[in-house]
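Listed below, chain by chain, are the residues.
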Amino acid sequence: ETGVTQTPRHLVMGMTNKKSLKCEQHLGHNAMYWYKQSAKKPLELMFVYSLEERVENNSVPSRFSPECPNSSHLFLHLHTLQPEDSALYLCASSQGGGEGETQYFGPGTRLLVL
Amino acid sequence: EDQVTQSPEALRLQEGESSSLNCSYTVSGLRGLFWYRQDPGKGPEFLFTLYSAGEEKEKERLKATLTKKESFLHITAPKPEDSATYLCALVSGGYNKLIFGAGTRLAVHP
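The paragraphs below set out a description of the structure included in this document. Since we're looking at a predicted model, the values are computed, not measured. (Residues numbered from 1 in each chain as written. Chains lettered and ligands numbered in written order. Predicted model: local features only at pLDDT ≥ 70, side-chain atom pairs only at ≥ 80, totals over all residues. Heavy atoms only, no water.)

Side note on the sheet that holds strand 1 (residues 4–7) of chain A
All names here are of chain A.
- With antiparallel pairing, the four strands of this open sheet are ordered in space as 1-3-8-7. The open sheet has two free edges, formed respectively by strand 1 and strand 7 (64–70), since each of these has just one partner strand. Taking each pair of neighbouring strands and ignoring which way they run, the sheet shows an average axis angle of 20 degrees. (Pairing = 2+ DSSP bridges. Helix = DSSP H or I, 4+ residues; strand = E, 2+ residues; numbered from the N terminus. Axes fitted to C-alpha atoms, helices over the stretch in contact; angles between N-to-C directions.)

Comments concerning the state of the cysteines
- Tallied over the full model, the rule gives two disulfides over all chains.
- Shown here is the disulfide that connects A:C23 with A:C91, its sulfur atoms set 1.9 Å apart. Between A:C23 and A:C91 the disulfide shows an S-S torsion of about -70 degrees. By sign, it is left-handed. Of this pair, A:C23 sits in strand 3 (residues 18–25) while A:C91 sits in strand 9 (residues 87–94), and the two are 68 residues apart along the sequence.
- A:C23 gets classed as buried once you look at its relative accessible area, which sits at 0%.
- Shown here is the disulfide that connects B:C23 with B:C88, its sulfur atoms set 1.9 Å apart. Of note, the bridge from B:C23 to B:C88 carries an S-S torsion of about -65 degrees and is left-handed in sense. (Disulfide = S-S within 2.5 Å. Buried < 20%, exposed > 50% of the residue type's maximum accessible area, 1.4 Å probe, protein only.)

What to know about a nonpolar patch on the surface
- On the surface, a nonpolar cluster with roughly 280 Å² of combined accessible area is contributed by A:V12, A:L112 and A:L114.
- In this structure A:V12 comes out as exposed when scored by relative accessible area, which is 51%. (Patch = residues over 30% accessible without salt bridge, like charges linked within 9 Å, V, L, I, M, F, W, Y side chains within 5 Å. Areas by Shrake-Rupley, 256 points an atom, 1.4 Å probe, with all protein chains shown as cover. Salt bridge = Lys/Arg side-chain N within 4 Å of Asp/Glu carboxyl O.)

Some words on the interface of chain A and chain B
- On the chain B side, the residues contacting the 25 residues of chain A number 22 residues.
- Summing both sides of the interface, chain A and chain B together bury roughly 1,800 Å²; the carbon and sulfur share of this comes to 54%.
- The largest contributions to the chain A side of the interface with chain B come from A:L43, A:E99 and A:G100, which together make up 27% of the buried area.
- Inspection of the chain A/chain B interface yields one salt bridge. (Contact = heavy atoms within 4.5 Å. Buried area = accessible area lost by both parts, 1.4 Å probe.)

A closer look at the sheet that holds strand 1 (residues 3–7) of chain B
Residues and elements named next belong to chain B.
- The strand order 1-3-8-7-6 describes an open sheet built from five strands, whose pairing is antiparallel. Of all strands in the sheet, those with a lone pairing partner are strand 1 and strand 6 (56–59), marking the two edges. Looking at each pair of strands side by side, their axes are set apart by 15 degrees on average, direction ignored.
- Across five bridges, the pairing between strand 7 (residues 62–66) and strand 8 (residues 70–75) is antiparallel.

What to know about the side chain of B:Q6
Residues and elements named next belong to chain B.
- The residue Q6 is located in strand 1 in this model.
- A residue is classified by how much of its surface remains accessible, and Q6, at 11% relative accessible area, is buried.
- At 2.9 Å, the side chain of Q6 forms a polar contact with the backbone oxygen of Y86.
- Residue contacts for Q6: discarding those within four places in its chain leaves N22, C23, W35, Y86, L87, C88, G101, A102, G103 and T104. (Polar contact = N/O pair within 3.5 Å; in protein donor to acceptor, adjacent residues only side chain to side chain.)

Structural notes on the nonpolar core
- One finds B:L33, B:W35, B:L73 and B:Y86 to be the most contacted residues of the largest nonpolar core, which totals 23 residues.
- Mapped by element, the contributors of at least two residues to this core are strand 2 (10–14), strand 3 (19–26), strand 4 (33–38), strand 5 (45–50), strand 7, strand 8, strand 9 (84–91) and strand 11 (104–109) of chain B.
- Considering every element that reaches this core, the biggest residue donor is strand 9 of chain B, with four residues.
- The residues contacting B:L33, other than those within four sequence positions of it, are B:C23, B:Y25, B:F48, B:T49, B:L50, B:L66, B:S71, B:C88, B:A89 and B:L90.
- One finds A:C23, A:M46, A:V60 and A:Y89 within the second-largest nonpolar core, a separate group that totals 22 residues. (Core = buried A, V, L, I, M, F, W, Y, C linked by side-chain atoms within 4.5 Å.)

Structure, rendered in structure tokens:
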């Protein structure tokens, strides 16, 4: 595997379910990001991790819970989501989290909340 | 407040018909402006980073330029495979936070 991978690629869940999205980067980077891309809206940053420490939480509701066990893996735990949370969830990584570093994106997880 | 605005929202070109996409921005101290390409159902693919006014970068049929208020992505003699959504993003705030424009959907027809 190369670059940034995400699993699953597609997910359908009910509002009472609990699920997790997984991201893995094979680039040797130390910073990882979660973004949300809703229909008709720009990409929106959710969380930033640098050296496994959460350094940014962009006012995201608590039903989204990130986890970064090491610099290569990032999870987004989902519980009691709402239909408006349906979107493409994108993971990205960069070298160290410094300003102006290029972020490389994974293919995304398409989430549908029923 | 930092802001990114892209225009046009959508652009249809004939193969070989050159054009430009615009990204207007306001930011308190430019720390990087990025261009990405996104195909339907996929993640954004990095194209260019520009850091200072006057900077230009090229890759195949694409050329990105930057002034103090806007960036242009020039597409020379486009081909159908250049059809995609092109996203502009700006470093805003700490920790390499990016804010994205809404994108320009480009369709190139044979």
